[in-house]
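Now for the letters of each chain:
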Amino acid sequence: MLSEISIKNFAIIEELDVTFDEGLTVLTGETGAGKSIIIDAVQLLAGGRGSTEFIRHGSKKAELEGLFTIDDPSHPLLSKLEELGIECDEGTVILRRDLNLNGKTVCRINGKLVTIAILREIGSHLIDIHGQHENQELMHEKRHIHLLDHFAGPELIQAYENYADLYGQYRKLKQKIEAADENEQQVAQRIDLYTFQLKEIDAAALVIGEEEALEEEKRKLLNFTRLYERLNTAYVSISGDTHALDWVGAAMSDMEDAASVDSTLKPHAESVATSFYTLQETAHELKSILDDMEFDPTRLEFVENRLALHTSLQRKYGKTIEDILIYRDKIADELESLVSRDERLSVAQEKLDHLYQDLQLEAAELSIIRQTAASRLEQAIMEQLEQLHMGKATFKVEIKPKPAGLFDANGFDDVSFQISTNVGEPLKPLVKVASGGELSRIMIALKTIFSKHQGITSIIFDEVDTGVSGRVAQAIAEKIAMIATNSQVLCISHLPQVAAMADQHYLIKKDVEDDRTRTSIQDVINSERIEELSRMLSGAEITPLTLKHADELLTLASERKKVFR
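**Student:** Teacher, can you tell me more about the pairing of strand 6 (residues 105–109) here?
**Tutor:** Examined bridge by bridge, strand 5 (residues 92–100) and strand 6 share 5 bridges and lie antiparallel to one another. Within the sheet, the bridge partner assigned to Arg97 lies in strand 6 and is Cys107. The loop that links strand 5 with its antiparallel partner strand 6 comprises 4 residues; one of these, Gly103, has a positive phi angle of about 95°. Across 3 bridges, strand 6 lies against strand 7 (residues 112–114) in antiparallel orientation. Bridge pairing in strand 7 places Cys107 opposite Val114. Once strand 6 ends, the chain turns through 2 residues before running back antiparallel as strand 7, passing Asn110 with a positive phi of about 50°.

**Student:** Explanation requested: the sheet that holds strand 7 in the structure shown.
**Tutor:** Pairing between sheet strands relies on hydrogen bonds along the backbone, with the strands arranged either parallel or antiparallel. Strands sit in the order 2-1-4-5-6-7 across an open sheet of 6 strands; the sheet is antiparallel. Unpaired on one side and paired on the other, strand 2 (13–19) and strand 7 mark the two borders of the sheet. Strand-to-strand twist across the sheet, computed as the mean angle between neighbouring axes with direction ignored, equals 15°. Contacts from helix 1 (residues 35–45) reach strand 1 (2–10), strand 2, strand 4 (61–69) and strand 5 within the one sheet, and its direction differs from that of strand 1 by about 105°.

**Student:** What's the story with the environment of Ser3 in this structure? I'm lost.
**Tutor:** Examined against the element boundaries, Ser3 turns out to sit in strand 1. Classification of Ser3 by relative accessible area gives buried; the value is 12%. When the C-alpha atoms of Ser3 and Leu67 are compared, they prove to be 5.5 Å apart, with 64 residues separating the residues in sequence. Once residues within four sequence positions are removed from consideration, Ser3 is found in contact with Val18, Thr19, Phe20, Leu67, Phe68 and Thr69.

**Student:** It is not clear to me how the pattern of salt bridges should be interpreted in this structure. Could you clarify?
**Tutor:** A pair can form between side chains of opposite charge whenever their charged atoms are brought close. Evaluated as defined, the whole model comprises 24 salt bridges. Here Asp503 and Lys561 are joined by a salt bridge, their closest N and O atoms 3.3 Å apart. Note that Asp503 is positioned in the loop between helix 16 (496–500) and strand 14 (504–513) and Lys561 in helix 18 (residues 544–564), a separation of 58 residues in sequence. Counted as one network, the salt bridges with shared partners bring together Lys61, Glu63, Glu65, Arg96 and Asp98.

**Student:** Would you take a moment to explain a negative patch on the surface for this structure?
**Tutor:** Among the surface-exposed residues, Asp21, Glu22, Asp71, Asp72, Asp523, Glu528 and Glu531 lie close enough to one another that they form a single negatively charged patch. With a relative accessible area of 41%, Asp21 lands in the partly exposed category.

**Student:** Can you walk me through the sheet that holds strand 10 (residues 413–420) in this structure?
**Tutor:** Pairing is antiparallel in the open sheet, where 3 strands are placed in the order 9-10-11. A strand with exactly one partner marks an edge of an open sheet, and here the two such strands are strand 9 (394–401) and strand 11 (428–429). With 2 bridges connecting them, strand 10 and strand 11 associate as antiparallel partners. Across the sheet, the residue bridging to Ile419 is Lys428, located in strand 11. Across the face of the sheet, helix 4 (residues 144–152) comes into contact with strand 9 and strand 10 while running at roughly 90° to strand 10.

**Student:** Sorry if this is basic, but what is going on with the packing of aromatic side chains here?
**Tutor:** Two descriptors summarise a pair of aromatic rings, namely the distance from one centre to the other and the angle between the planes of the rings. By the definition in use, this model includes 12 aromatic pairs. Plain terms: the ring middles of Phe276 and Tyr277 are 5.4 Å apart, the flat faces sit at 75° to each other, and that makes the pair edge-to-face.

**Student:** In this structure, what is going on with helix 13 (residues 341–387)? I would like to understand it.
**Tutor:** Note: α-helices contain 3.6 residues per turn, so residues at a spacing of three or four share the same orientation. Helix length check: helix 13, at 47 residues, gives a terminal C-alpha distance of 65 Å against a target of 69 Å (1.5 Å per residue), a fit within 8%. A positive phi of about 60° marks His389, the residue just after helix 13.

**Student:** Whenever I open this one, the packing of helix 7 (residues 210–222) against helix 11 (residues 297–317) confuses me. Can you help?
**Tutor:** Axes are the key here: two packed helices are described by the angle between their axes and the distance separating the axes. Two numbers describe how helix 7 lies on helix 11: the axes approach to 10 Å, and their chain directions differ by 145°. In this structure, the crossing between helix 7 and helix 11 has a hand that is left-handed. Of helix 11, the residues touching helix 7 (which contributes Glu210, Glu211, Leu214, Glu215, Glu217, Lys218, Leu221 and Leu222) are Arg299, Leu300, Val303, Glu304, Arg306, Leu307, His310 and Gln314. For the contact of helix 7 with helix 11, a count of residues per class yields 6 nonpolar, 2 polar and 8 charged.

**Student:** How do you make sense of the packing of helix 15 (residues 470–483) against helix 18 when you look at a structure like this?
**Tutor:** Following both chains from N to C, one finds helix 15 and helix 18 inclined at 50°, their axes separated by 10 Å at the closest point. The orientation of helix 15 with respect to helix 18, classified from their angle, is oblique. Once helix 15 is placed against helix 18, the crossing between them reads as right-handed. Contacts between helix 15 and helix 18 involve Gln474, Glu478, Ala481 and Met482 from the first element and Leu553, Leu556, Arg560 and Phe564 from the second.

Thresholds applied
- Residues numbered from 1 in each chain as written.
- Predicted model: local features only at pLDDT ≥ 70, side-chain atom pairs only at ≥ 80, totals over all residues.
- Heavy atoms only, no water.
- Pairing = 2+ DSSP bridges.
- Helix = DSSP H or I, 4+ residues; strand = E, 2+ residues; numbered from the N terminus.
- Axes fitted to C-alpha atoms, helices over the stretch in contact; angles between N-to-C directions.
- Contact = heavy atoms within 4.5 Å.
- Buried < 20%, exposed > 50% of the residue type's maximum accessible area, 1.4 Å probe, protein only.
- Salt bridge = Lys/Arg side-chain N within 4 Å of Asp/Glu carboxyl O.
- Patch = residues over 30% accessible without salt bridge, like charges linked within 9 Å, V, L, I, M, F, W, Y side chains within 5 Å.
- Areas by Shrake-Rupley, 256 points an atom, 1.4 Å probe, with all protein chains shown as cover.
- Lys, Arg positive; Asp, Glu negative; His and termini not counted.
- Charge placed at Lys NZ, Arg CZ, Asp CG, Glu CD.
- Phe/Tyr/Trp six-rings, centres within 6.5 Å; stacked < 30°, edge-to-face > 60°.
- Expected span 1.5 Å × (residues − 1).
- Left-handed = near helix turned anticlockwise from the far one by under 90°.
- Nonpolar A, V, L, I, M, F, W, Y, C, P; charged D, E, K, R; others polar.
- Parallel < 35°, antiparallel > 145°, perpendicular 65-115°, else oblique.

Shown next as structure tokens:
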């Protein structure tokens, strides 16, 4: 419920703090005193359209703040706040909105900055405002199906959960299939591209480590002459006539002879011998290499072409051979998936068809439950209209199936509230009812039924009783009081019958101080209530008769509230 509201520099209100209780709170006062301005402030707190015209003359900004409390731990608003990352301690929700002269609006929920859209969404769970000339929620035909479903109760909730689960699966799968159909050309292009790339990579027959070996071979081929000359010179120096091998061989003989005389020279003799045999072996190997060496210009061309192919593939598919082969395996898997796509789509379509058949069954179950609930709702609304002295009116819940094959999150039904206010007149959609007085009574009748089903914490009636009097006024007063048994109700009224039903009564006054108009609020209690009701009854002059009538009205209201509370 709305526990408190703070208003600063808003229209003719300089500063106003109002505390509200549960039940029915009635705001009364002279026309123009600022009663509707308070409701305008609440409406802006709930995300209504703002304007710089609301800012009090001479002020830089208007400040609005409202404190709401939620006692129900399962209230859907709490999960919504959690989803938005807004902390809510002990069910306390504080809405704040500042209107600045530059046109900018700053909105906060529990201290966190939010957009107008989020404020409006949260506000819709907290406040339901009804005015004489406004399009209320009950007058929005798209909401009628939700109101009927809430009225239907637990049986429909279970059926709806079953339907919603299937509908979610159906929507997700259908979107996937539609996306696949829409991308048909792109898929074909990807298949062609991946096929070409695979052929190109596979044709290259890449081997990890090959590039390094080719680079080494290229370097040898480019330096063939230099390499041959250096090897040949080394070979001649080692094994040619009177060259190194001969001199080392002579040294080996000398060292062996010396070691036979002095045994300490034996290690040196062995070292020289080892060097001789190593040089001899190396000379043979060099001779073999020289004999096998033959320059092949075609081999150089092959190596260079092969390296150029590596470079080309690396520019397209990866920096290294390893990267290219990894990419190759990836597109091979994707190609296989794309090629088998038609088969998978066929399976998905078959599953979609089965889901649709199941949806039809679940939607049919919803329709049956709604038809039963519609009959009960029609009877309940007719009883309310009878009590509001509209016994000649006819109310009907029209449930029509959508065109063949169409459905939405609510099933295959379209729901519309129809009414005829006069005998012999055809039923018409509720949204087309024209008479203000009739519209007020119809709306209150509906609200009496739906207030306990909507989950709204605070309901505001802004002069919805305009244009009625006598027994109709009394009936409306009692209905508004009944609604207040399920939700907190704030009501602006000029009817003493409604004011008498109040659990909390505020008088709104307008005064002029220091050449400025200011609005103030006064809690009307005890004997003051009799005086205010007397004023409302008489218009201006309070007489002993009007005071007596006001006292009787309060007594009657107290007795009537005991009946339905």
